[in-house]
Amino acid sequence: LTDAGPDFSPWPDEVAARYRAAGYWAGVTLGQVLADSARRHGDRPAVVDAVRTWTYRQLDHDASRLATGFARLGIGRGDRVLVQMPNVGEFVVICFALFRIGAVPVLTQPAHRTYELVRLCEQSGAVAHVVADRHAEFDYRALSAQVAESCPSLRSTIVHGDPGGHVALADLYADPYRGPGPEAGDVALLQLSGGSSAVPKLIPRTHDDYAYNARASLDACPLGPGDVYLAALPVAHNFTLCAPGILGALTVGATVVVSPSPSVEKVFPLIERHRVTVAAAVPAVALRWLDAADSTTCDLSSLRVMQVGGARLKPSAARRVRPTLGCTLQQVFGMAEGLICYTRPDDPDEIVVETQGVPMSPADEIRVVDDDDRPVPDGTPGHLLTRGPYTIRGYYRAAEYNRKAFTADGFYRTGDVVRRLPSGHLVVVDRAKDIVNRGGTKVACEEIEEILMNHPGVHNAAVVGKPDDVLGERVWAFVIPQAPLERGDLADYLHERGVAAYKVPDRFELVQEFPFTAVGKVDKLALRQRAAQEEER
Ligand code: J2J
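What counts as what
- Residues numbered from 1 in each chain as written.
- Predicted model: local features only at pLDDT ≥ 70, side-chain atom pairs only at ≥ 80, totals over all residues.
- Core = buried A, V, L, I, M, F, W, Y, C linked by C-beta atoms within 7 Å.
- Buried ≥ 20, exposed ≤ 12 C-beta atoms within 10 Å, placed from the backbone.
- Helix = DSSP H or I, 4+ residues; strand = E, 2+ residues; numbered from the N terminus.
- Contact = placed C-beta atoms within 7 Å.
- UniProt positions renumbered as here; feature names shortened; annotations may be inferred.
- Pairing = 2+ DSSP bridges.
- Near = placed C-beta within 6 Å.
- Nonpolar A, V, L, I, M, F, W, Y, C, P; charged D, E, K, R; others polar.

A. View of the nonpolar core. Counting residues in each nonpolar core, the largest one holds 146 residues, and the members touching the most others are Val-81 and Ala-281. When residues of this core are assigned to their parent elements, the largest contribution, 10 residues, is made by helix 4 (residues 90-101). Setting aside chain neighbours within four positions, we find Val-81 in contact with Ile-75, Leu-98, Ala-103, Val-104, Pro-105, Val-106, Ala-126, Val-127, Ala-128 and Val-130. Ranked by size, the runner-up nonpolar core spans 25 residues in total, among them Val-443, Ile-451, Leu-452 and Val-458.

Here you go:
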């Protein structure tokens, strides 16, 4: 058995014992969470997508039958499986089938291409890749075949839809699974980090910690069997999956409606048709919904809570939520590594509009510190460090990087700069990590810089965020050429290398030199300011 293994940084024994004794870790696997709900809410709708509905009983049964199919392919406890699915109900079935056998989904995004997938496969040693045949005019079977060429660990491609020579997902459903399952302390899934390193980092979340993540989220965002949660953001994202998201809804017998996209055209009719009560959006998406709400003919009156997170929501936009959508705003400041902060339904308006809430668990430990890790007074901006029952102690197979990303006593360095109010509410004021937050989607600057620097015409490259009214930020690359270069060449180069489209800089600026800091590093802050001052062309 691979078990949680040495690849995973466990919580110290005495801390784990404390989390168990306090009931944060309930000793229940995610597969058991669904099985319990199936017993209690069997005939209620669990998941609804554009094609069909699964009742709780059907979902549990399908997950169990698919688990047998996966097991017959040789997928076992501890094996990693790349799951790359668009927003369809089968995503949920696939994840729970893997949870049943203790196999570990690696939650990749539909936008990822060979560059990302090969690295994720190498990092995780994945044995299979689950994809949809085609989505958004792209053929994932061909993509998977390309990935398999570079990744000897990858044995099977499993396809939802027309298998085109690979294994058909539909053919895998067999008798209900009776084999062994995981322990609650095992790694349940690998989330992707927004990352600030050249190689993407994987986030090992255990059954115990992820189930608690969903339950604690339900304290901040209560759901019951009468609720309908709209999954409009990508289903694999931590926000959609677990804050309280799909997993939270399935814990309490609520219904998950999966929207194929977050567009107004898809989402508004779904809200009306299914009487959606809770929806989650990143700020860029929330703005589009707010702009369209005044003139829509759709009935949005069922909405009770609009969750917004993933990137900073401007107070001016936050103020529009109640008058425009007629529901409560909940700000969500979370991260796939763990910590989630929420504003609460009974918080005063000013708190809901101006802050990103309080940590959801009484066991969350928070430090706000200066550059030397010394605590700063409330009200003063500082680096946010955190530790707790659902925050990882280390990235997967990343011992060296972990020494930088965590303190010696196990606090995760979030890279976010926050101000803590005397009430405990956090306001995200800045970011110290080297990423661009493009409408909630994170781009690691170093990753793109490293690829650009391999281009023969590039002497040096620096990627920064350019403030943007709609997305919050866009990706800008400053490039020092060492040979004649067209801007279009660089975008083409990234596409040819198989980099996901959202990471390709929105603009390339060719320059003669970079500003440097006193210690001789490229001065990213100065470049960010320069980008901010440039007019859009
Ligand atoms: C400012 N920055 C924010 C916010 C996240 C719930 C919600 C979101 C995520 C997520 C998540 C922010 N205001 N409200 O996992 O469970 C930025 C911070 C943070 C990073 C994490 C969840 N909400 N951010 O966005 O792993 O910089 O998770 O560290 O994708 O997004 O990104 P990610």
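B. Molecular detail of the UniProt feature "domain: AMP-binding enzyme C-terminal" (unreviewed entry) in the chain. Following the UniProt record, the feature "domain: AMP-binding enzyme C-terminal" (unreviewed entry) maps to residues 447-521 here. Regarding residues 447-521, the helix share stands at 23% and the strand share at 33%, and the terminal C-alpha atoms are separated by 17 Å.

C. Just the UniProt feature "domain: AMP-dependent synthetase/ligase" (unreviewed entry) in the chain, in detail. The UniProt feature table records "domain: AMP-dependent synthetase/ligase" (unreviewed entry) at residues 35-396. Secondary structure over residues 35-396 splits into 34% helix and 24% strand, and the C-alpha atoms at its two ends are 28 Å apart.

D. A look at the sheet that holds strand 15 (residues 305-309). Strand order in the open sheet formed by 9 strands is 2-1-13-12-14-15-16-17-18, with mixed pairing between adjacent strands. Among the strands making up the open sheet, the edge pair consists of strand 2 (53-55) and strand 18 (358-359). Sheet topology note: the strand 12 (residues 228-231)/strand 13 (residues 255-258) ladder contains 4 bridges and is parallel. Following the sheet pairing, Leu-230 is matched in strand 13 by Val-257.

E. Geometry of the site of the ligand. Within the structure, the ligand sits among 22 residues, and Asn-238, Phe-239, Gly-309, Gly-334 and Ala-336 are positioned closest to it. Breaking the shell around the ligand down by element, the ones donating at least two residues are helix 8 (238-242), strand 16 (328-335), strand 21 (412-420) and strand 22 (426-431). The element contributing the most residues to the shell around the ligand is strand 16, with 5 residues. Classifying every residue of the shell around the ligand by side-chain character gives 9 nonpolar, 9 polar and 4 charged.

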